[in-house]
Structure formats: structure tokens, C-alpha cells
Amino acid sequence: MRVAGKRLDITFNDKALPAPRRRETLKHTIDTWGIECQNKIARLRICIVGVGSVGSMIAESLARMGIQQLVLVDPDKIEEHNLDRLLYANASEVGQYKVEVAARRLRRISTAEHFEVRTHPLSIQSESVLSSTLDCDLIFSAVDRPLPKDLINRIAYAHCIPVVSGGVFVDNKNDGSLGQAAWSVTTVGPGRRCLRCDGQYTSSDVVIERDGSLDNPSYIAESLRDSEPTNQNVFPFCANLASFMVLEMVRLTMAADWWPDTGGKLHYSMIPGRLQHEQAACQPNCSIRESEALGDEYRFPFIEGVPQVPQNPSHAGLSESMRLSRKLLING
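The following refers to the structure shown.

Calculation criteria
Residues numbered from 1 in each chain as written. Predicted model: local features only at pLDDT ≥ 70, side-chain atom pairs only at ≥ 80, totals over all residues. Heavy atoms only, no water. Buried < 20%, exposed > 50% of the residue type's maximum accessible area, 1.4 Å probe, protein only. Helix = DSSP H or I, 4+ residues; strand = E, 2+ residues; numbered from the N terminus. Right-handed = clockwise from strand over helix to strand, strands pointing away. Pairing = 2+ DSSP bridges. Axes fitted to C-alpha atoms, helices over the stretch in contact; angles between N-to-C directions. Contact = heavy atoms within 4.5 Å. Expected span 1.5 Å × (residues − 1). Phe/Tyr/Trp six-rings, centres within 6.5 Å; stacked < 30°, edge-to-face > 60°. Polar contact = N/O pair within 3.5 Å; in protein donor to acceptor, adjacent residues only side chain to side chain.

**Quick word on the pairing of strand E4 (residues 69–73)**
Move 1: With 5 of 5 residues buried, E4 is to be regarded as a mostly interior element.
Move 2: Every second residue of E4 is oriented toward a common face, with Gln69, Val71 and Val73 on one face and Leu70 and Leu72 on the other, all of them buried.
Move 3: For the segment spanning strand E3 (residues 45–49), helix H3 (residues 53–64) and E4, crossover handedness is right-handed.
Move 4: Taken together, the 5 bridges between E4 and strand E5 (residues 116–120) define a ladder with parallel strand orientation. Its bridge partner being in E5, Val71 is matched across the sheet by Arg118.
Move 5: Regarding topology, helix H4 (residues 98–109) serves as the crossover connection from E4 to the parallel E5, and that connection is right-handed.

What follows is the structure, encoded as C-alpha cells:
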């Protein structure tokens, strides 16, 4: 049972999913936070959307922490220019699907006694991938395109599945040297500000990607006409962001009542060496927030293979039992 909120309170049926046995490979991990916490996180089914530079390091961390079930989602293949940032890949694997190459490494290095990794070399907009994602307890979002971000954002609220999202921004000076580097981690779900209200994408961005303009060479050229390319990335920036994201997952699942709340938003600026956290809520008219705990009553837009119906933020059609369940899920 998963209870949504600013912490992930989750309990398991030990007969259906037994707690893992203590193993020597996890001795120091268990000695750090105790067997009770380890039994909780080890049995989470975690989805990673985007298995590039950041997502691959998140996956590596989780596999070494003893997580038993991972779901990897990424439609891309490895390209040569990825090799300076992909933890799991080498030159001989260029052209192969990222999720498949990553899964092979995870099976080799996992510390769990029974480890399962599902791979989806497809977009999360695919009906089958969405179904698999909704079967998870927590999602890591390591994507930068607006359409998958929007879908992940909707999942977090409609199905009360916490999402830890992260991104890197790099600014170069005119001479090509580093001007600034910053990365942020945002945890979203009921009780927290959504990704759209956080300014990570707009509805217009989603429409532009949906109609294909985001990949149109003329549109790209026009959008870059008066600006320099940004969001270039290097391995240490990715590694730091991935570490922050995993630590937020640990905080979300292990936090005691006395732990202070970070507000779900952490921002690190490299040049001044400053880490900040922010308390914020969604805009009053946020339609994403209106979908909280609707579950299967909610119809996701832009899902391949599913007939689309207009979204109605009204909950007037819900049964009394569903309204009560929704209230319990949101309020814990």
C-alpha cells in the first residue's frame, strides 16, 4: 500500500513479496540505515525515464543499493557523442538501444539476490510503456523534452506516484569558457508544486513537440538565431545531479517526522558553490493539481494507441466511494 504525500509511506504484503535476506554484499548499506529501511527501498519498483548520462548513474546507484525491480524507458540508441557521459557504454555498443545495454550492466553489478529489470526501447507515450510505468512506486525523470515531462507530471498526480525530476543548465562565455553551471532536483506529486507550475515546460512547448516543430530544422535554426546553444553537459555535472536525485529518493522514503521538509526543490549553483531549497505550491488554477488521485478515471492525452477524449477537471462524476478514496490518498 502506497500513501501519497510529502513522504512516500509504503507497506508490503510479506507473503506476496517477502523482505530480502540480509546479504554480505549489502553489509555496509544496511549498517548505514538499518534493515527496516533497506527492506522498504529494496522492494520498491522504480521506473527511470531517460537512460542517458543522468539516468544511467541513477540506475547504477539503485542496483548497487539492492533495489530488486527496475523499469528502464528510453527510445534512443547509443551514439558516439554520448560516450563521454554514459557510464555503461563503450564504442563497440554504438547503435544499440540504451536500455538494453544499460540492463546488461545492471544485471552484472546488482547486489540484490533476485534482480529484475524491464526494458522499454520506446517512448513513454506508448500505451504499453505507460501501463508498465503506472505499475511502479516511484519514477525518476531524466528527460528534457516537454511531451514526456508533461505525461510524467500527470502520472505523479493522477496516480499518486512520486516523481523525482532533474536537469542541468550550462552557460558558456563568448570565448567558449565556462560561465556558470547549475542543476536542480524537483520532487513532484500530491502536496507539491508540479513540473509545469515550476516552469520546466509550458503547454505551448508540448504542442510544438506534438506537431513535430521541435524536430523541424527550420524551427530549430530560427529558435537559435539570437542565442548560443545551451545545456551542454559533462560527466561530473551529470554525476552530481544523479547523486542529488537518488538522495531525494532516499529522503522521500526514509524521512522521519522530525526531518525538515526541503519543499521538493533543490538548486545547486556551481560557481558560487551554493545549494538552495525552495518551498512553493502550484498556481491556483493548475489543471494538473485538479487531477490528484483520479487514477484510472483520468484519461492521459497524447497516448499512442488510446482513443483521446477531452479532459474535464471536474470531479462531479465520481462516486462517493471514489471521492473518499481520493481524499484519503491525498491527505494520508
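**Looking at the sheet that holds E4**
Move 1: Taking strand neighbours across the sheet as the criterion, the 8 strands line up as E5-E4-E3-E6-E7-E8-E9-E10 in an open arrangement whose pairing is mixed. At either end of the open sheet lies a strand with only one pairing partner, and these are E5 and strand E10 (274–278). Along the sheet, successive strands turn relative to each other by an average axial angle of 15 degrees, direction set aside.
Move 2: Sheet strands touched by H3: E3, E4 and strand E6 (138–141). Its angle to E3, the strand with the most contacts, is close to 160 degrees.
Move 3: Against the sheet, H4 touches E4 and E5, its axis set at about 175 degrees to E5.

**So, H4**
Move 1: Given a rise of 1.5 Å per residue, 12 residues ought to cover 16 Å, and the 17 Å separating the end C-alpha atoms of H4 matches this to within 8%.
Move 2: If you check which residues of H4 are buried, you get Lys98, Val99, Val101, Ala102, Ala103, Leu106 and Ile109.
Move 3: Buried positions along H4 lie against H3, E4 and E5.

**Quick look at the packing of aromatic side chains**
The geometry of an aromatic ring pair is captured by two quantities: the separation of the ring centres and the angle between the planes.
Move 1: Enumeration over the complete set of coordinates arrives at 5 aromatic pairs.
Move 2: Between Trp183 and Tyr268, the aromatic rings sit 5.3 Å apart at their centres with planes inclined by 40 degrees, giving tilted as the arrangement. Here Trp183 is found in strand E8 (residues 178–188), whereas its partner Tyr268 is found in strand E9 (residues 265–269), with 85 residues between them in sequence.
Move 3: Both rings, one in Phe244 and one in Tyr268, keep their centres 6.1 Å apart while their planes meet at 85 degrees; by these two values the pair is edge-to-face. With Phe244 in helix H9 (residues 235–254) and Tyr268 in strand E9, this pair connects stretches of sequence that are 24 residues apart.

**Quick notes on the environment of Asp261**
Move 1: When you line up the elements, Asp261 lands in the loop between H9 and E9.
Move 2: Judged by its relative accessible area of 30%, Asp261 falls in the partly exposed class.
Move 3: With 255 residues separating them in the primary sequence, Asp261 and Lys6 have C-alpha atoms 8.0 Å apart.
Move 4: Sequence-distant contacts of Asp261, defined by excluding residues within four places in its chain, comprise Lys6, Arg192 and Gln279.
Move 5: A polar atom in the side chain of Asp261 sits 3.2 Å from the backbone nitrogen of Gly263.

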